[in-house]
Amino acid sequence: MPILKLIKPSEEYAEQIAEYRREFLANMACVKDDPAHNLKKIAGTSWLEKFENPLDWIQQCNTYESYDTIPNKKHTTGTQYMSVLEDSNKLIGMLAIRHELKGEEVINFGGHIGYSIRPSERRKGYAKEQLRLGLIKAKEHGLDRVLICCAETNEASKRTILANGGKFERKIYVEESKLWVDRYLVEL
Ligand SMILES: CC(C)(COP(=O)(O)OP(=O)(O)OC[C@H]1O[C@@H](n2cnc3c(N)ncnc32)[C@H](O)[C@@H]1OP(=O)(O)O)[C@@H](O)C(=O)NCCC(=O)NCCS
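Just so we're clear, the structure is a prediction, and the values are computed from it rather than from any experiment. (Residues numbered from 1 in each chain as written. Predicted model: local features only at pLDDT ≥ 70, side-chain atom pairs only at ≥ 80, totals over all residues. Heavy atoms only, no water.)

(A) Fine view of the site of the ligand. Taken together, 20 residues lie around the ligand, and Tyr115, Arg123, Gly125, Lys128 and Arg159 are the ones closest in. At a separation of 2.8 Å, a nitrogen atom of the ligand approaches a polar backbone atom of Tyr115. The contact in question runs from an oxygen atom of the ligand to an N or O atom on the backbone of Ala127, over 3.1 Å. If the ligand stood free it would expose 930 Å²; the protein chains cover 77% of that surface. Examining the composition of the shell around the ligand, we find that five residues originate from one element, helix 5 (residues 155-162), more than from any other. Across the shell around the ligand, the residue classes tally to nine nonpolar, five polar and six charged. (Near = heavy atom within 4 Å. Polar contact = N/O pair within 3.5 Å; in protein donor to acceptor, adjacent residues only side chain to side chain. Areas by Shrake-Rupley, 256 points an atom, 1.4 Å probe, with all protein chains shown as cover. Helix = DSSP H or I, 4+ residues; strand = E, 2+ residues; numbered from the N terminus. Nonpolar A, V, L, I, M, F, W, Y, C, P; charged D, E, K, R; others polar.)

(B) The packing of helix 1 (residues 14-26) against helix 2 (residues 54-63), seen in detail. Packing of helix 1 against helix 2 leaves a shortest axis separation of 9 Å and a crossing angle of 95°. Looking at the two axes, helix 1 sits roughly perpendicular to helix 2. Along the contact surface, helix 1 presents Ala14, Ile17 and Ala18, while helix 2 presents Pro54, Leu55, Trp57 and Ile58. In terms of residue class, the contact of helix 1 with helix 2 is built from seven nonpolar, no polar and no charged. (Axes fitted to C-alpha atoms, helices over the stretch in contact; angles between N-to-C directions. Parallel < 35°, antiparallel > 145°, perpendicular 65-115°, else oblique. Contact = heavy atoms within 4.5 Å.)

Functional significance is not addressed by these values, which are geometric in nature.
Encoded structure:
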């Protein structure tokens, strides 16, 4: 498998970020339903779906890294990563890490880490590798144990978590989305 690396969003990737968003929006089935907020979400992207201009999205990602700059102090700070191929810099996936769990929704079924792989690059093992790299970053952010959640029907995400040492903790029913969500813990 080609080598993946995790990097933070930056301007030189603006066109690829816009393309990533377009690819998801053109494949609505690949976008996670979030009826709780009446929108379609691109998992692990810090609300990329809302941003037509990738530069605005990059700026938002930067502001969420610290409580000094975060626009809404009720939200938790986090770091956005993109996974790109080491040789070509092609953007393959996105992974977001919350630095802490805060707020009922995040504590119950949001978890520390969210991710996605672009539809055209799926089933090549990238999600497993991306999460492996993400867990190393989570440890660098000072986390010792992370919560990762996925809909019980999301077989690909479930397998990605299990392949990275995830231990099933329990199921939780999310009333707003009428979905059962599986909670997994990974010791770092
Ligand atoms: C979930 C997702 C990240 C998986 O990406 P991927 O790069 O295709 O995954 P991988 O190739 O690394 O495969 C991971 C595992 O899932 C399995 N898998 C992948 N796609 C699958 C599918 N459609 N159905 C069943 N299993 C699948 C693989 O076989 C592999 O399992 P194995 O190691 O036991 O063989 C991707 O489908 C995605 O972006 N989905 C939308 C966003 C999302 O659901 N994010 C997770 C939110 S919790």
